Amino acid sequence: MKLLRIGPAGEEVPAALGDDGRVFALTGLTGDIDGAFLASDGIDRVRAALAAGELPPIDAAGLRIGAPVARPGKVVCIGLNYRDHAEETGAAVPTRPVVFMKDPSTVVGPDDRVLIPRGSAKTDWEVELAVVIGREARYLDSPRQALAHVAGYAISNDVSEREFQLEYSGQWDLGKSCETFNPLGPWLVTPDEAGDPQTLGLRLAVNGETRQDGSTKNMIFDVAHIVWYLSQYMVLRPGDVINTGTPAGVALGLPGNPYLRAGDTVELAIDGLGTQRQTFSNA
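So, how was this worked out
- Residues numbered from 1 in each chain as written.
- Predicted model: local features only at pLDDT ≥ 70, side-chain atom pairs only at ≥ 80, totals over all residues.
- Heavy atoms only, no water.
- Helix = DSSP H or I, 4+ residues; strand = E, 2+ residues; numbered from the N terminus.
- Buried < 20%, exposed > 50% of the residue type's maximum accessible area, 1.4 Å probe, protein only.
- Contact = heavy atoms within 4.5 Å.
- Core = buried A, V, L, I, M, F, W, Y, C linked by side-chain atoms within 4.5 Å.
- Salt bridge = Lys/Arg side-chain N within 4 Å of Asp/Glu carboxyl O.
- Phe/Tyr/Trp six-rings, centres within 6.5 Å; stacked < 30°, edge-to-face > 60°.
- Lys NZ or Arg CZ within 6 Å of the ring centre and 35° of its normal.
- Pairing = 2+ DSSP bridges.
- Axes fitted to C-alpha atoms, helices over the stretch in contact; angles between N-to-C directions.

Visitor: Before we move on, can you summarise unusual backbone geometry with the specific residues and values?
Guide: Note the cis peptide between G185 and P186, where omega equals 20°. The phi torsion at L80 lies on the positive side, around 55°, for a residue other than glycine. If you check the backbone angles, N207 has positive phi at about 50° while not being a glycine. Mapped onto the elements of the fold, N207 is located in the loop between β15 (201-206) and β16 (209-215).

This is the structure we're talking about:
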């Protein structure tokens, strides 16, 4: 099943995308797709209502698509989680997950405009598989338990400003938390439809030129391990988002470092999870 939120920023309404391509309103079941909805078996209620033909169809043509999860409590990111990406940046391949946090307010819709920060010279792209938590995960015993706590998956663009990230601070947060720096969506795809999260192709193009073309099978730490690992150090709550890392092909690792400039367009895709398209402009 695919869940989405449509409408102007701040006024999105929850919806589900049927197998026939029609969009159905969820306003009779929930006010939004958020942590409370996920924690209260909201996905199962939507699935039952959809199967019973109880959801009213809506015309979503031309409407903006927002991030599929409203107000995530936190956005946790895993850095250098693809060997080829670690190698292209000159970093050591990690022996434990590299964890950092991203301001949740960076989350915007999949096709929303992304702002290049003032003073930026090194704004970069990163296509990533995002994991959305559906059940609280706290001190999980093993990775085998982890996927039962996942509500679904989405495309994430972990936009980064490399000078802010790597040269201005010993931590990465400055270069990761600029406004609009986390387009998410278009859909939250439930695990039964997304399939094995370790067999998904990821692609990203800038101005029509392919820059990233990888697969989640090449993650150093897989989704189950990441969720288990994080649960040992923080409580993962419904609605939290985890960005799981990016494959090679970012501007930081390419010849000439072709960082993003105003007017550039970035297109992203992950198998079964849809597509994104953002145009960048100056803040």
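Visitor: Summarise helix α7 (residues 223-231); cite the residues concerned and give the values.
Guide: With seven of nine residues buried, α7 lies mostly within the body of the structure. Of the residues making up α7, those classed as buried are V223, A224, I226, V227, Y229, L230 and S231. The elements touched by buried residues of α7 are β5 (75-79), β6 (98-102), β10 (127-133), β11 (150-157) and β17 (241-243).

Visitor: Which residues make up the side chain of T106, and what are the values?
Guide: Note that T106 resides in the loop between β6 and β7 (107-108). Residue classification places T106 among the buried positions, given a relative accessible area of 0%. With residues up to four places along the chain from it excluded, the contact list for T106 reads K176, S177, C178, T180, F181 and N182.

Visitor: Requested: an account of the nonpolar core, with residues and values cited.
Guide: Ranked by size, the top nonpolar core spans 52 residues in total, and within it W125, L129, Y153, V227, I242, I270 and L273 carry the most contacts. A total of five residues in this core trace back to one element, the largest contributor, which is α7. Residues in contact with I270, not counting those within four places in the same chain, are V127, E128, L129, A154, I155, L200, G201, L202 and R203. Judged by nonpolar contacts, the second largest core, of 25 residues, contains I33, L38, A67 and A130.

Visitor: Before we move on, can you summarise the side chain of H149 with the specific residues and values?
Guide: Among the structural elements, H149 can be located in the loop between β10 and β11. You can call H149 buried: its relative accessible area is 8%. Among residues more than four places away in sequence, those in contact with H149 are I133, G134, R135, E136, A137 and L140.

Visitor: With reference to specific residues and values, describe the pattern of salt bridges.
Guide: Inspection of the entire model under this criterion finds 20 salt bridges. Close ionic contact of D158 with K102 constitutes a salt bridge, the shortest N to O distance being 2.3 Å. Of this pair, D158 sits in the loop between β11 and β12 (160-161) while K102 sits in strand β6, and the two are 56 residues apart along the sequence. Connected through salt bridges with shared partners, the residues R5, E12, D32, D34, R64, R71 and D112 form a single ionic network.

Visitor: I'd like a description of the packing of aromatic side chains, backed by residues and values.
Guide: Applying the stated criterion across every chain, the model contains four aromatic pairs. Geometrically, the ring pair formed by Y229 and Y233 is tilted, given 5.1 Å between the ring centres and 50° between the ring planes. Assessed through its relative accessible area of 54%, Y233 is described here as exposed. Taken together through their ring pairs, the aromatic side chains of W228, Y229 and Y233 make up a single cluster. Sitting over the face of the ring of W187, K2 holds its NZ or CZ atom 5.1 Å from the ring centroid.

Visitor: How would you explain the sheet that holds strand β8 (residues 114-116) if you had to name every residue and give the values?
Guide: Reading across the sheet, the five strands line up as β8-β19-β18-β15-β16 and stay open at both edges, with mixed pairing between neighbours. Two strands lie at the open edges of the sheet, namely β8 and β16, each paired on one side alone. Strand-to-strand twist of the sheet, defined as the mean angle between neighbouring strand axes without regard to direction, takes the value 20°.

Visitor: Run through the pairing of β10, naming residues and quoting values.
Guide: Buried residues dominate β10, accounting for seven of its seven residues. Burial along β10 is two-sided: the face carrying V127, L129, V131 and I133 and the face carrying E128, A130 and V132 are both buried. Relative to β11, β10 runs antiparallel, the two sharing seven bridges. Considered in β11, the bridge of E128 is made with S156. Across three bridges, the pairing between β10 and β17 is antiparallel. Note that in β17 the partner of V131 across the bridge is I242.

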